[in-house]
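Reading the structure
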Amino acid sequence: MPTRIAPVLLLGLALCSHAAEAPKRPQAAASVSSPGNVLRVEIGFEEDRALWSLSRLGVPLIKPSRLGFLLRDTEKLDRNLMLADSSTRSFDETWEQPWGESRFVRNHYNELRVRLTEKLKLKRSFDVVFRVYDDGIGFRYEFPDQPQLKDVVIDDELTEFDVAPPATAWWIPAGEWNRYEYLYNRTPLVEVGQVHTPMTIRTADGLHIAFHEAALVDYSSMWLRRVEGQRFRAQLAPAAGGWKVRRTAPFHTPWRTLRVADSAAALYESNLELNLNEPNALGDVSWFVPAKYVGVWWELHLELTTWATGPRHGATTANTRRYIDFAAKHGFRGVLVEGWNTGWDGQWFGNGNDFNFTQSAPGFDLEGLAAYAKQKGVHLVGHHETGGAVSHYENQLGPALDLYGRLGVDVVKTGYVADAGQIERNDGDGVVRREWHDGQWMSRHHLKVVTEAAARHIAINAHEPIKDTGLRRTYPNWVAREGARGMEYNAWGNPPNPPEHEANLVFTRMLSGPMDFTPGILSLQGRGQPLQSTLAKQLALYVVIYSPIQMAADLPEHYEARPDAFQFIKDVPADWSETRVLNGEVGDFVTIARKDRRSENWYLGSLSDEHGRTLSVPLTFLAPGRRYVAEIYRDGDKAHWKDAPFEFAIEKRELTSADVLTVRLAAGGGQAIRFAPKGR
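About the thresholds
- Residues numbered from 1 in each chain as written.
- Predicted model: local features only at pLDDT ≥ 70, side-chain atom pairs only at ≥ 80, totals over all residues.
- Heavy atoms only, no water.
- Buried < 20%, exposed > 50% of the residue type's maximum accessible area, 1.4 Å probe, protein only.
- Helix = DSSP H or I, 4+ residues; strand = E, 2+ residues; numbered from the N terminus.
- Pairing = 2+ DSSP bridges.
- pLDDT = per-residue confidence, 0-100.
- Contact = heavy atoms within 4.5 Å.
- Axes fitted to C-alpha atoms, helices over the stretch in contact; angles between N-to-C directions.
- Parallel < 35°, antiparallel > 145°, perpendicular 65-115°, else oblique.
- Nonpolar A, V, L, I, M, F, W, Y, C, P; charged D, E, K, R; others polar.
- Phe/Tyr/Trp six-rings, centres within 6.5 Å; stacked < 30°, edge-to-face > 60°.
- Lys NZ or Arg CZ within 6 Å of the ring centre and 35° of its normal.
- Salt bridge = Lys/Arg side-chain N within 4 Å of Asp/Glu carboxyl O.
- Core = buried A, V, L, I, M, F, W, Y, C linked by side-chain atoms within 4.5 Å.

Here the focus is the pairing of strand E15 (residues 199-203). Taken across its five residues, E15 has five buried, putting it largely inside the fold. Here E15 shows two buried faces, one formed by Met199, Ile201 and Thr203 and the other by Thr200 and Arg202. Pairing of strand E12 (residues 167-171) with E15 involves four bridges; the strand directions are antiparallel. Paired with tryptophan 170 across the strands is threonine 200, a residue of E15. One ladder, built from four bridges, connects E15 with strand E16 (residues 208-214); its direction is antiparallel. Bridged to arginine 202 within E16 is histidine 208. Counting the residues between successive antiparallel strands, the hairpin from E15 to E16 contains four residues, one of them, glycine 206, with a positive phi of roughly 90 degrees.

We now examine the confidence of the model for the chain. Looking at the chain, the pLDDT average stands at 95 and 96% of residues meet or exceed 70. Note on residues 1-23: pLDDT under 50 across the span, and 24 contacts to partners over four residues away in sequence or across chains.

Attention shifts here to the sheet that holds strand E30 (residues 549-551). Strand order in the open sheet made by the seven strands is E29-E28-E25-E24-E23-E22-E30, with parallel pairing throughout. This sheet does not close on itself; its edge strands, each paired only once, are strand E29 (478-481) and E30. On average, adjacent strands in this sheet sit at an angle of 30 degrees to one another, irrespective of strand direction. Looking at chain direction, strand E24 (residues 379-385) and strand E25 (residues 411-415) are connected through four bridges and run parallel. Across the sheet, the residue bridging to glutamate 385 is glycine 415, located in E25.

We now examine the pairing of strand E3 (residues 49-56). The element E3 is largely enclosed, with a buried count of eight among its eight residues. Of the two faces of E3, both are covered, the one formed by Arg49, Leu51, Ser53 and Ser55 as well as the one formed by Ala50, Trp52, Leu54 and Arg56. Linking two consecutive strands that pair antiparallel, namely strand E2 (residues 39-46) and E3, is a turn of two residues; a positive phi of about 55 degrees is found at glutamate 47 within it. Direction of pairing for E3 relative to strand E4 (residues 59-66): antiparallel, over a ladder of five bridges. Residue pairing across strands places leucine 54 opposite isoleucine 62, the latter belonging to E4. As consecutive antiparallel partners, E3 and E4 are separated by two residues, and within that stretch leucine 57 has a phi angle of approximately 50 degrees, a positive value.

As a further point, take the side chain of histidine 384. Note that histidine 384 resides in strand E24. With sequence-adjacent residues up to four places away left out, histidine 384 is seen in contact with Phe357, Tyr393, Ala400, Leu401, Tyr404, Val412, Lys413, Thr414 and Gly415.

Here the focus is the sheet that holds strand E32 (residues 589-596). Overall, antiparallel pairing links the six strands, which are arranged E31-E32-E33-E38-E35-E36 in an open sheet. Looking at strand neighbours, the two that pair on one side only are strand E31 (576-585) and strand E36 (648-655), the edges of this open sheet. For this sheet, the mean angle separating the axes of adjacent strands, direction not counted, is 15 degrees. By the bridge criterion, eight bridges tie E31 to E32 in an arrangement that is antiparallel. Bridging from a neighbouring strand, glycine 584 pairs with valine 590 of E32. Helix H11 (residues 535-544) rests against E31, E32, strand E33 (602-608), strand E35 (628-635), E36 and strand E38 (670-677) of the sheet, and its axis sits at about 125 degrees to E33.

The next subject is the packing of helix H7 (residues 390-407) against helix H8 (residues 440-454). Look at H7 against H8: their axes get within 10 Å of each other, and the N-to-C directions meet at 10 degrees. Considered as vectors, H7 and H8 are oriented roughly parallel to each other. Contact with H7, carried on its side by Val390, Ser391, Tyr393, Glu394, Leu397 and Leu401, involves Trp441, Met442, His445, Lys448, Val449, Glu452 and Ala453 of H8 and no other residues of that element. A per-class count over the contact of H7 with H8 returns eight nonpolar, two polar and three charged.

With respect to the helices, strands and loops of the structure, alanine 240 is situated in the loop between strand E18 (231-236) and strand E19 (245-248). A relative accessible area of 39% places alanine 240 in the partly exposed class.

This brings us to the packing of aromatic side chains. Evaluated as defined, the whole model comprises 39 aromatic pairs. Ring geometry for tryptophan 344 versus tryptophan 348: centroids 4.7 Å apart, planes at 70 degrees, classification edge-to-face. The burial state of tryptophan 344 is the same as that of tryptophan 348; both residues are buried. Judged by relative accessible area, which is 16%, tryptophan 348 ranks as buried. Taken together through their ring pairs, the aromatic side chains of Trp307, Trp344, Trp348, Phe349, Phe355, Phe357 and Tyr393 make up a single cluster. When the ring centre of tyrosine 372 is taken as reference, the NZ or CZ atom of arginine 321 above it lies at 3.9 Å. Across from the ring centre of tryptophan 478, 3.8 Å away, lies the NZ or CZ of arginine 481, which sits over that ring.

If you walk through the whole model with that rule in mind, you get 60 salt bridges. Between glutamate 101 and arginine 472 there is a salt bridge; the shortest N-O distance is 3.1 Å. With glutamate 101 in the loop between strand E6 (81-96) and strand E7 (104-118) and arginine 472 in the loop between strand E28 (459-462) and E29, the pair connects residues that are 371 residues apart, well separated along the chain. Grouping residues by exposure puts glutamate 101 and arginine 472 together as buried. Overlapping salt bridges bring together Arg113, Arg115, Asp127, Arg140 and Glu142 as one network.

The next subject is the nonpolar core. Trp52, Met199 and Phe211 are the most contacted members of the largest nonpolar core, which totals 177 residues. Looking at this core element by element, the count peaks at eight residues for H7. When residues no more than four places from it in sequence are discounted, the contact partners of methionine 199 are Ala169, Trp170, Trp171, Leu189, Val192, Ile209, Ala210, Phe211, Leu224 and Phe232. Phe589, Leu619, Ala630 and Leu655 belong to the second largest nonpolar core, which has 18 residues in total.

On to the environment of glycine 668, then. As for its placement among the helices and strands, glycine 668 is situated in the loop between strand E37 (660-665) and E38. The buried category is assigned to glycine 668, whose relative accessible area is 0%. The spacing of glycine 668 and aspartate 609 is 59 residues in sequence and 5.1 Å in space, taken between C-alpha atoms. Every residue in contact with glycine 668, bar those within four places of it in the chain, is listed here: Pro499, Gln532, Ser533, Thr534, Lys537, Ser608, Asp609, Glu610 and Trp641.

For the bond from alanine 249 to proline 250, the omega torsion is 5 degrees, close enough to zero to count as cis. Within the secondary structure layout, proline 250 lies in the loop between E19 and strand E20 (251-252). The step from asparagine 494 to proline 495 runs through a cis peptide bond, and the omega angle for that step is 5 degrees. With phi around 60 degrees, aspartate 73 is a residue other than glycine that occupies positive phi space. Its place among the elements puts aspartate 73 in the loop between strand E5 (69-71) and E6. Among the residues examined, aspartate 73 registers a relative accessible area of 79% and is labelled exposed. In this structure, lysine 123 is a non-glycine residue whose phi angle is positive, near 55 degrees. Turning to its location among the elements, lysine 123 is positioned in the loop between E7 and strand E8 (125-133).

Pasting the structure below:
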């Protein structure tokens with residue numbers, strides 16, 4: 001659906017004072033504005049360097065910032081540049097997602113393409129392409145086929161983002177051992193170091209901007225490193241060889257993206273990165289069915305059972321049958337089983353060379369369980385943990401996927417647990433190399449897994465992954481990934497995820513795409529430590545944290561002990577036709593409504609941080625003229641994540657689109673609602 005642009009109020013005096021302090025802007029050599037004249041990009045030159053800048057409604061957002069590259073074994077590509085050519089075009093389409101947060105997506109932008117050519121010496125050229133939407137921009141470099149620059153080795157990308165207005169940032173560090181699995185920092189933008197994207201900022205005037213990238217293919221992930229003040233430079237994840245990217249022209253980089261919105265809610269509703277990806281390359285993907293699953297997982301994190309074989313092995317035939325029976329009884333499509341294959345004994349963390357992806361562990365009958373599940377209308381969810389030995393996994397990838405394809409395993413969870421944020425690459429020459437999880441080599445690896453899986457009608461859910469950049473549009477079998485601190489940190493994390501964590505994720509990590517957060521821990525108990533959540537909040541997560549494969553992560557006996565709360569988990573779908581973010585602030589609270597793609601039902605999820613809140617929620621998303629029965633799962637009047645997390649109430653009300661609902665959230669709490677048209 002078309003992106004809705006909220007009305008804008010300019011705080012002119014404050015912004016004009018900042019503009020007065022800014023250095024003189026280079027004269028624009030080329031420019032383009034968004035379809036609604038909200039955003040404007042300009043290209044200019046200073047000392048023969050190409051600079052780009054961004055303004056919104058005439059107010060500077062990104063001051064003139066550098067473009068270019070530092071290349072190996074040749075001169076850097078950023079000086080003595082001139083504008084050799086430029087062109088513009090407009091584009092407007094509405095396309096359909098096979099699954100997703102919304103069924104239809106509008107893709108409406110104006111494009112500027114500039115060719116930059118060196119005046120002297122090698123006279124190399126490259127293009128910069130800007131696509132400018134009303135709610136954000138994307139730009140990328142394109143290297144044409146030219147004899148003077150054929151084999152390109154990039155040591156550094158010199159792209160900069162010099163943020164004009166003072167701002168607060170929400171961010172996690174990049175280039176550290178624990179990949180993307182850090183709690184979010186909230187600091188002034190001038191105190192940020194080196195960060196992963198998405199990085200979200202809120203300016204002093206209330207504008208929200210999220211920095212990210214789109215269509216990361218055969219290239220290193222972009223980190224952002226603060227250079228000085230509020231000026232950031234692209235920092236590409238390095239390769240084992242010391243360089244950042246090796247490519248042969250012609251090629252293009254990923255898109256560098258900025259979502260820009262008046263509110264955090266509008267920031268989430270943008271489809272910028274999806275639109276900057278290529279259309280579906282797989283054709284009919286109706287074989288992927290969005291659904292919920294259960295499995296042998298949480299019990300492992302609680303240390304009730306083990307991944308390794310032995311007397312407490314979790315992946316046994318009998319235990320898996322128990323989960324299959326539970327899934328069939330309660331309408332879950334999938335059953336995940338971790339620890340099913342050989343290689344889990346001993347030290348597998350960061351040392352996965354003993355994993356065999358076609359050989360079952362003793363006591364686990366893969367073939368028999370697949371047949372048993374099929375009889376019950378259930379599918380096994382596959383699991384491929386690499387332990388960081390990625391070349392070892394690639395060597396078995398074909399046979400491993402063939403086995404799953406033959407047995408009807410149509411979703412596979414992959415894993416890349418390793419020390420130091422790096423995985424193991426072995427090219428067969430006896431040398432073990434260490435590559436970052438988000439470097440160019442792993443970018444190639446993940447896409448290889450996804451395309452090989454697609455050929456067998458298998459979907460991929462990657463954990464410890466490379467970040468999401470919207471490639472699910474092009475490869476719709478890449479259905480979810482982790483890429484942040486998930487539920488397991490509530491089992492053993494020190495500290496566990498705090499009450500603000502999910503309200504941070506919505507407006508940071510979730511801007512990149514679906515997350516397999518594994519919600520629904522109704523026991524509210526980890527390994528010797530409680531969850532910092534109320535019972536109602538665990539239900540709200542099914543609407544707030546989007547994934548087309550949602551896990552009911554707790555133990556079967558814990559669900560059977562709480563049939564009242566469990567009913568919402570059974571009812572809530574995993575595929576949507578519309579999504580509305582009704583309110584929210586980064587790290588504080590959020591309320592999201594989503595419409596079931598297969599019915600007229602709406603679902604609402606609302607959650608808060610460590611503070612209790614009362615929110616007024618207009619129900620204008622409901623169809624006018626209809627009455628709905630609202631099944632409300634809410635925090636009890638005395639609920640509090642710390643001392644009364646199980647205080648919980650369920651009530652029913654009749655409501656219409658004309659009503660305004662008062663949503664009361666306890667500290668660390670939430671609310672989940674199912675709206676069903678009356679009489680249906």
